[in-house]
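Below are the chains, spelled out letter by letter.
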Amino acid sequence: MQELIESVREFLGEEIQPAVRDDSLQFKLRIASNVLAIVEREIAQTDRAEQERTESLRQLLGRTQGTGDDLNRELCERIQQGDYDEDARALLDHLELITLNKLSIDNPGYSTYRQLVALRAARD
């Protein structure tokens with residue numbers, strides 16, 4: 001599936017876009033190419049990101065089992081109960097992880113994302 005999407009994206013960018021003279025259509029082709037690139041990254045990275053999210057939730061909640069969605073619901077309940085009001089460092093680390101994973105799929109070229117990844121690598 002990923003190879004098919006990549007082929008279509010490359011076809012649009014390398015063959016169709018250079019032949020199109022209309023600025024509005026050029027813009028729409030760039031949007032379509034960007035959407036296809038996001039879908040490619042979703043396919044390639046979603047499983048790893050979900051595994052990391054689930055493991056992070058397990059560590060945060062002190063659990064050895066549970067699905068990511070169940071653990072996330074528990075986390076939301078704990079936040080509502082004020083469990084992280086005094087010491088939110090572990091919660092912030094978890095939120096940073098899932099945010100960076102989402103950005104790695106949606107917009108890995110975002111300069112702030114790249115800076116945060118570098119800072120996190122230096123910190124770890």
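None of the values given here were measured: they were computed from a predicted structure.

**Observations concerning the overall build of the chain**
Tallying secondary structure elements over the chain gives five helices and zero strands in all. In sequence order, the chain lays out its α and β elements as α-α-α-α-α. Computed over the C-alpha atoms, the radius of gyration of the chain is 19 Å, more than 25% above the 14 Å expected from 2.2 N^0.38 for a compact globule of 124 residues. Reported as C-alpha extents along the three principal axes, the dimensions of the chain are approximately 60 × 30 × 25 Å. Counting all 124 residues of the chain, 27% fall into the buried class. Taking all contacts inside the chain whose residues are at least 6 apart in sequence as the whole, residues at least 24 apart take part in 46%. Accessible surface, the chain as shown: approximately 8,600 Å² in total, 53% of it carbon and sulfur. Each charge sign in the chain was given a centre, from 16 positive and 25 negative side chains, and these centres are 2 Å apart.

**Examining the packing of helix α2 (residues 23-61) against helix α3 (residues 68-80)**
Put simply, α2 and α3 touch, their axes get as near as 9 Å, and they point 45° apart. One element, α2, and the other, α3, form an angle in the oblique class. Judged by the twist between their axes, the crossing of α2 over α3 is left-handed. The residues of α3 that touch α2, namely those facing Glu50, Arg53, Thr54, Leu57, Arg58, Leu60 and Leu61, are Gly68, Asp69, Leu71, Asn72, Glu74, Leu75 and Arg78. Its residues assigned to classes, the contact of α2 with α3 comprises five nonpolar, three polar and six charged.

**Focus: the confidence of the model for the chain**
For the chain, per-residue confidence averages 95 on the pLDDT scale, and 100% of positions sit at 70 or higher. Ranking the elements of the chain by mean pLDDT puts helix α5 (residues 111-123) last, at 92, and α3 first, at 97.

**Observations concerning the packing of α2 against helix α4 (residues 89-106)**
Here α2 crosses α4 at 170°, and the two axes come no closer than 8 Å. Here α4 runs roughly antiparallel to α2, going by the angle between their axes. Contacts between α2 and α4 pair Ile38, Arg41, Glu42, Gln45, Thr46, Arg48, Ala49, Glu52, Arg53, Ser56, Leu57 and Leu60 from the former with Ala90, Leu91, His94, Leu97, Ile98, Asn101, Lys102, Ser104, Ile105 and Asp106 from the latter.

Reading guide: rules and limits
Residues numbered from 1 in each chain as written. Predicted model: local features only at pLDDT ≥ 70, side-chain atom pairs only at ≥ 80, totals over all residues. Heavy atoms only, no water. Helix = DSSP H or I, 4+ residues; strand = E, 2+ residues; numbered from the N terminus. Rg over C-alpha atoms; globule rule 2.2 N^0.38 Å. Buried < 20%, exposed > 50% of the residue type's maximum accessible area, 1.4 Å probe, protein only. Contact = heavy atoms within 4.5 Å. Areas by Shrake-Rupley, 256 points an atom, 1.4 Å probe, with all protein chains shown as cover. Lys, Arg positive; Asp, Glu negative; His and termini not counted. Charge placed at Lys NZ, Arg CZ, Asp CG, Glu CD. Axes fitted to C-alpha atoms, helices over the stretch in contact; angles between N-to-C directions. Parallel < 35°, antiparallel > 145°, perpendicular 65-115°, else oblique. Left-handed = near helix turned anticlockwise from the far one by under 90°. Nonpolar A, V, L, I, M, F, W, Y, C, P; charged D, E, K, R; others polar. pLDDT = per-residue confidence, 0-100.

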